[in-house]
Amino acid sequence: MPENAGPPPPHPAQDVFGHLGYQLKRAHAALRAAMDQALRAHGLTVPQYSCLEVLAARPGLSNADLARATFVSRQSMNVVLRGLQDAGLLTRPATVETGRARPATLTGEGRRRLRAAQEAVYAIEARLVGALPEDSVPGLLADLDRMARALAD
């Protein structure tokens, strides 16, 4: 075996550009760039938008829960929450009776801004879905979930 040859890839690939991980990262980078551009028009960042989406689905989550759900650190989520609160898009109590978690909820303006931003983001997702064979999305979602769980174990 040549000295510079590494282990064989886990699936057929001529080089790094054919690896699953590389292609997943490429798709993620393209999605993130498209979302960054679309959300800029709504005065939101991707983490802020993600936070609004999660809070719309599950009002009252804590900072730690939101951080986990949006794939950012708790420290970063503090900054996101502070910015959204300063913009009047969510509220959090100044104090809580027990514990330290201050549950966040969307304001009316937060719900309005989220709906406007969703149109732009959902149009991007429609472009993603449109690039796939018809009826393949459920299988792809299941595959992606299995891959995430395999790495989390």
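Predicted model only: the values in this text are computed from it and were never measured. (Residues numbered from 1 in each chain as written. Predicted model: local features only at pLDDT ≥ 70, side-chain atom pairs only at ≥ 80, totals over all residues. Heavy atoms only, no water.)

Novice: Help me out: how do you make sense of the overall build of the chain in this one?
Specialist: Scanning the chain for helices and strands turns up six helices and two strands. Counting from the amino terminus, the chain carries its helices and strands in the arrangement α-α-α-α-β-β-α-α. Taken over C-alpha atoms, the radius of gyration comes to 19 Å for the chain, far larger than the 15 Å a tight globule of 153 residues would show. In terms of overall dimensions, the chain has C-alpha extents of about 65 × 35 × 25 Å along its principal axes. Here the chain holds 153 residues, and the buried ones make up 23% of them. Once local pairs closer than 6 in sequence are excluded, the contacts in the chain between residues at least 24 apart make up 45%. Just so you have it, the chain exposes about 10700 Å², and 57% of that area is on carbon and sulfur atoms. Averaging the locations of the 18 positively and 15 negatively charged side chains of the chain gives two centres separated by 9 Å. (Helix = DSSP H or I, 4+ residues; strand = E, 2+ residues; numbered from the N terminus. Rg over C-alpha atoms; globule rule 2.2 N^0.38 Å. Buried < 20%, exposed > 50% of the residue type's maximum accessible area, 1.4 Å probe, protein only. Contact = heavy atoms within 4.5 Å. Areas by Shrake-Rupley, 256 points an atom, 1.4 Å probe, with all protein chains shown as cover. Lys, Arg positive; Asp, Glu negative; His and termini not counted. Charge placed at Lys NZ, Arg CZ, Asp CG, Glu CD.)

Novice: Sorry, what's going on with unusual backbone geometry here?
Specialist: Excluding glycine, a negative phi dihedral is what most residues carry, and trans is how most peptide bonds are arranged. Even without a glycine there, the phi angle at phenylalanine 71 is positive, about 65 degrees. Position of phenylalanine 71 relative to the elements: it lies in the loop between α3 (63–70) and α4 (74–86). With a phi angle near 65 degrees, aspartate 135 is a residue other than glycine that sits in the positive phi range. Considering the arrangement of structural elements, one finds aspartate 135 in the loop between α5 (108–130) and α6 (137–152). Given a relative accessible area of 69%, aspartate 135 falls into the exposed group.

Novice: Would you mind showing me how to read α3 here?
Specialist: Think of an α-helix as turning once every 3.6 residues; residues three or four places apart then point the same way. Along α3, the residues that are buried comprise Asn63, Leu66, Ala67 and Thr70. Down the axis of α3, the buried set is contained in an arc of 100 degrees. They therefore lie on one face. On its buried face, α3 sits against α2 (46–57) and α4. (Arc of directions from axis to C-beta.)

Novice: I tried to follow the nonpolar core on my own but got confused; where do I start?
Specialist: Counting residues in hydrophobic clusters, the biggest one holds 25 residues, and the most contacted among them are Leu39, Cys51, Leu55, Leu66 and Leu84. Those elements that place two or more of their residues in this core are α1 (20–40), α2, α3, α4 and α5. Leaving out residues up to four positions away in the same chain, leucine 55 has contacts with Gly60, Leu61, Leu66, Leu90, Ala104 and Leu106. (Core = buried A, V, L, I, M, F, W, Y, C linked by side-chain atoms within 4.5 Å.)

Novice: Is there a simple way to think about the side chain of serine 62 in this case?
Specialist: Along the chain, the position of serine 62 falls in the loop between α2 and α3. Side-chain polar atoms of serine 62 contact the side chain of aspartate 65, separated by 3.1 Å. (Polar contact = N/O pair within 3.5 Å; in protein donor to acceptor, adjacent residues only side chain to side chain.)

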